[in-house]
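# Structural overview for review
Okay, here's what each chain looks like letter by letter:
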Amino acid sequence: MTDQTDQTTPGPAGALTPTARTGPAARGPRILLYSDDRTVRAHVRTAVGPRLRAHAPEIAWAEVATPAALIAAADRGGWDLLVLDGEADKSGGMGLCRQLKNEVYRCPPVVVLTGRPDDGWLASWSLADAVVPRPLDAIELQRTVAGQLAATV
């Protein structure tokens, strides 16, 4: 079942506010997660976990369910990583990744979730920084997210 509503926390001036923070001194990574399916978003968040490692600051997640919300949030900036569902209906994450990489100044790293391991070639066309195939392996997804975030520091 897909969810056509955006799962975001509105902040000042319509900006997306990440859903978790540990405090101003210990800001965790900010991740924007796109999928039209709420179960995929929940699976990704559960697989990655609330922190990248023990005693690290909590990850600040923001979720969007529509391409328009994804593009608007990416344009506003402030993200350390984007995670895009390559199998989202109507506008998949691979096409959106290519668009963001070509249009967003200093686009953050993008992890694309593909439908199967054989879709890696298509994900390379999308200019994705990393690819995680389905079925999603929690360890591989967490390791990939942590690796992409470490590369941005």
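Reading the values: rules and limits
Residues numbered from 1 in each chain as written. Predicted model: local features only at pLDDT ≥ 70, side-chain atom pairs only at ≥ 80, totals over all residues. Heavy atoms only, no water. Helix = DSSP H or I, 4+ residues; strand = E, 2+ residues; numbered from the N terminus. Buried < 20%, exposed > 50% of the residue type's maximum accessible area, 1.4 Å probe, protein only. Areas by Shrake-Rupley, 256 points an atom, 1.4 Å probe, with all protein chains shown as cover. Pairing = 2+ DSSP bridges. Axes fitted to C-alpha atoms, helices over the stretch in contact; angles between N-to-C directions. Contact = heavy atoms within 4.5 Å. Parallel < 35°, antiparallel > 145°, perpendicular 65-115°, else oblique. Left-handed = near helix turned anticlockwise from the far one by under 90°. Nonpolar A, V, L, I, M, F, W, Y, C, P; charged D, E, K, R; others polar. Polar contact = N/O pair within 3.5 Å; in protein donor to acceptor, adjacent residues only side chain to side chain. Right-handed = clockwise from strand over helix to strand, strands pointing away.

## Points about the overall build of the protein chain
- Scanning the protein chain from N- to C-terminus turns up five helices and five strands.
- Helices (α) and strands (β) of the protein chain occur, in sequence order from the N terminus, as β-α-β-α-β-α-β-α-β-α.
- When each of the 153 residues of the protein chain is scored for burial, the buried share is 46%.
- Here the protein chain has roughly 7,800 Å² of accessible surface; of this, 54% comes from carbon and sulfur atoms.

## Overview of the sheet that holds strand β1 (residues 30-34)
- As summarised here, the arrangement of the five strands in space is β2-β1-β3-β4-β5, forming an open sheet in which the pairing is parallel. What marks the edges here is a single partner per strand, and that holds for β2 (60-64) and β5 (130-133). With direction set aside, neighbouring strand axes in the sheet form an average angle of 20°.
- Here five bridges tie β1 to β2, and the two strands are oriented parallel to one another. Of the residues in β2, the one forming a bridge with Tyr34 is Val64.
- Sitting on the sheet, helix α1 (residues 38-48) touches β1, β2, β3 (81-85) and β4 (110-114), and the angle it makes with β2 is about 165°.

## Quick word on unusual backbone geometry
- With omega at -5°, the peptide bond leading from Arg134 into Pro135 counts as cis.
- Following the sequence through the fold, Pro135 ends up in the loop between β5 and α5 (138-152).
- Positive phi, normally seen in glycine, also occurs at Lys90, with a value near 70°.
- Within the secondary structure, Lys90 is located in the loop between β3 and α3 (93-103).
- One non-glycine residue, Arg106, adopts positive backbone phi at about 55°.

## Some details on the packing of helix α2 (residues 67-76) against α3
- The interhelical angle for the contact between α2 and α3, taken along N-to-C directions, is 25°, at an axis separation of 11 Å. As judged from the angle between their axes, α2 and α3 are roughly parallel. When you trace α2 past α3, the crossing you get is right-handed. Residue-level inspection shows Pro67, Leu70, Ile71 and Ala74 of α2 in contact with α3, the latter providing Leu96, Gln99 and Leu100.
- Residue composition of the contact of α2 with α3, grouped by class: six nonpolar, one polar and no charged.

## Quick word on the side chain of Glu63
- Mapped onto the elements, Glu63 comes out in strand β2.
- Side chain to side chain, Glu63 and Arg41 meet in a polar contact 2.9 Å long.
- Within the local environment of Glu63, its side chain forms a polar contact with the side chain of Arg45, the two groups lying 2.7 Å apart.

## Some remarks on the pairing of β4
- Extensive coverage of β4 is indicated by the burial of five of its five residues.
- Across the two faces of β4 the burial is the same, with Val110, Val112 and Thr114 and Val111 and Leu113 all buried.
- Pairing between β3 and β4: four bridges, direction parallel. Of the residues in β4, the one forming a bridge with Val83 is Val111.
- In terms of handedness, the path from β3 via α3 over to β4 forms a crossover that is right-handed.
- In this structure, β4 lies alongside β5, joined through four bridges in parallel fashion. Looking at β5, one finds that Leu113 is bridged to Val132.
- Regarding the hand of the β-α-β motif, the stretch spanning β4, helix α4 (residues 120-125) and β5 is right-handed.

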